[in-house]
Amino acid sequence: MNQKPVLIGLYIVLFLFVVNMSYFYHSSSTVISMPVIKSLRDVFQKTEPIQLQWTTIATTKATKRPLTGMWTVNAIGRLGNLMGEYATLYALAKLNGHEAYILPEMHAQLSKIFKIRLPAIHPDVLKSIPWRNYGLHDWMSPEYNNIQGEYVRLTGYPCSFTFYHHIKDEILKEFTFHDYVKKESNDYLANIIGDRKNVTFVGVHVRRGDYVYVMPNTWKGVIADKGYLQKAMDYFRNKYENPLFVVTSNGMDWCKENINNSLGDVHFAGDGKEGSPGRDFALLAHCNHTIMTIGTFGIWVGYLVGGETIYLSNYTLPDSPFLRLFKYEAAFLPEWIGIPADLSPLLKKDNK
């Protein structure tokens, strides 16, 4: 029997097998990597795109290995700060391949309104671990892809979407409201509709309080004024048939004096006190769109709502020390609509 045709046939089969496996490998790699890079360019077109591309790719790889150690984050600031710290811990711990735990005081505040899933550290465990403190600035940087240490405590006031936007669905799931909070907010909105039809709810958060003094005197900046709020509200009035503006603020008296309600489409909600931020936050987050002024509270409202968000932009002088700690392009999503602030009060102050 001639073995030559048999050997030739085996060689052909082996060759086709190798070619097919090579094609499968390279095509699989393309399917995995190219959409990641493309989507990243779309999302972070204004926030250091090259660096952030590698961040997301590294995150995809990190989720495939077992999580180890114990990472946590400081619990400082109010509701918006705590949400930013939680989301950043969630994302960076996952990126670096470690388990995430939160401090008891963070759990006590966030678990009141959200179905958060990260476990809280028992105080005895907290004081027994030799933590490595690792300071963060308020935007994602390449070095955060490879933070060393099994027991790391992240510090700072991180709130930028550049830390966690690549896993947005997971973050939104962490900040799912308790059912009773949803019901309370929806019932409230239903009660204020009255005889209106086809209402579009626009949540308006006006941050005042200590910012009235801190922004001009410390940061060479301003807060939202009457003109900004008028422009923002007119945008929705021109776009939607029956907008209803739901206003919350820690300066409600100022709001009632400076927000035009001649059309009867403004509802002032809450008592204007800072003792119940969770209730105000939930109410705004159940609206369709958002008008924010400044601060992490308003940023998170817009992020959770997911509709159109209008924000106050360029609200500091170019030489403001605030800009060493804060980047506009890392705080506000590219699709959000910025209305520049009126800086004339600061310019007059400088001239004097």
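For the structure given in this document, a descriptive report is provided here.

Thresholds applied
- Residues numbered from 1 in each chain as written.
- Predicted model: local features only at pLDDT ≥ 70, side-chain atom pairs only at ≥ 80, totals over all residues.
- Heavy atoms only, no water.
- Helix = DSSP H or I, 4+ residues; strand = E, 2+ residues; numbered from the N terminus.
- Buried < 20%, exposed > 50% of the residue type's maximum accessible area, 1.4 Å probe, protein only.
- Salt bridge = Lys/Arg side-chain N within 4 Å of Asp/Glu carboxyl O.
- Contact = heavy atoms within 4.5 Å.
- Expected span 1.5 Å × (residues − 1).
- Core = buried A, V, L, I, M, F, W, Y, C linked by side-chain atoms within 4.5 Å.
- 1 Å grid on protein atoms, 1.4 Å probe; cavity = no way out; pocket = protein on both sides within 12 Å on 5 of 7 lines; lining within 4 Å.
- Points joined across faces, edges and corners; volume = space filled by probe spheres on them.
- Nonpolar A, V, L, I, M, F, W, Y, C, P; charged D, E, K, R; others polar.

One non-glycine residue, Lys-220, lies in positive phi territory at about 55°. Along the chain, Lys-220 turns up in the loop between α8 (211-218) and α9 (226-239). Using a relative accessible area of 32% as the deciding quantity, one classes Lys-220 as partly exposed. A positive phi angle, close to 50°, is found at Asn-314, a residue other than glycine. Following the sequence through the fold, Asn-314 ends up in the loop between β9 (309-313) and α13 (328-331). Take Asn-314: its relative accessible area is 40%, and that puts it in the partly exposed class.

This part is about the pattern of salt bridges. According to the stated counting rule, one finds 11 salt bridges in the structure shown. A salt bridge links Arg-279 to Glu-184; the shortest N-O distance between them is 3.7 Å. Of this pair, Arg-279 sits in helix α11 (residues 277-285) while Glu-184 sits in helix α7 (residues 179-193), and the two are 95 residues apart along the sequence. With a relative accessible area of 55%, Arg-279 lands in the exposed category. Here Glu-184 falls in the partly exposed class, since its relative accessible area comes to 40%. For Lys-239, the salt bridge goes to Glu-308, with nearest N and O atoms at 3.0 Å. Of this pair, Lys-239 sits in helix α9 while Glu-308 sits in the loop between α12 (296-305) and β9; the two residues are 69 residues apart in sequence, bridging distant segments of the chain. Among the residues examined, Glu-308 registers a relative accessible area of 18% and is labelled buried. By sharing partners, the salt bridges in this structure join Asp-234, Arg-237 and Asp-265 into a single network.

The buried fraction of α11 is high, at seven of nine residues. Every buried residue of α11 is accounted for by Gly-278, Asp-280, Phe-281, Ala-282, Leu-283, Leu-284 and Ala-285. The inward-facing, buried residues of α11 contact α3 (79-96), α7, β5 (199-206), β6 (242-249) and α12.

In this model, α3 (18 residues) spans 26 Å end to end at C-alpha, consistent with the 26 Å of a helix rising 1.5 Å per residue. In terms of burial, α3 is largely enclosed, as 18 of its 18 residues are buried. Once α3 finishes, Gly-97 follows within two positions and takes phi at roughly 80°, a positive value.

In terms of nonpolar packing, the biggest core is built from 86 residues, with Tyr-164, Phe-281 and Trp-300 touching the most fellow members. Among the elements that line this core, the one with the most residues is α3, at 11 residues. Every residue in contact with Tyr-164, bar those within four places of it in the chain, is listed here: Ala-87, Thr-88, Ala-91, Cys-159, Ile-171, Trp-300 and Tyr-303. Core analysis: the second largest hydrophobic core is formed by nine residues, Leu-244, Val-246, Ala-269 and Leu-283 among them.

A separate point is empty space enclosed by the protein. A water-sized probe rolled over the atoms picks out the places where empty space is left. Per the stated rule, a full pass over the model turns up three cavities of 30 Å³ or more. Counted as a void, the second largest cavity has a volume near 40 Å³. Lining the second largest cavity are Cys-159, Phe-161, Tyr-164, Ile-299, Trp-300, Tyr-303, Ala-331 and Leu-333. Among the elements that line the lining of the second largest cavity, the one with the most residues is α12, at three residues. When its residues are assigned to classes, the lining of the second largest cavity shows eight nonpolar, no polar and no charged.

Approximately 1,400 Å³ is the volume attributed to the largest pocket. Lining the largest pocket are 49 residues, with Arg-78, Leu-79, Gly-80, Asn-81 and Thr-296 sitting closest to its centre. Sorting the residues of the lining of the largest pocket by element identifies α3, α7, α8, β6, α11, α12 and α13 as the ones contributing at least two each. For the lining of the largest pocket, the leading source of residues is α11, giving five residues. Across the lining of the largest pocket, the residue classes tally to 24 nonpolar, 15 polar and 10 charged.

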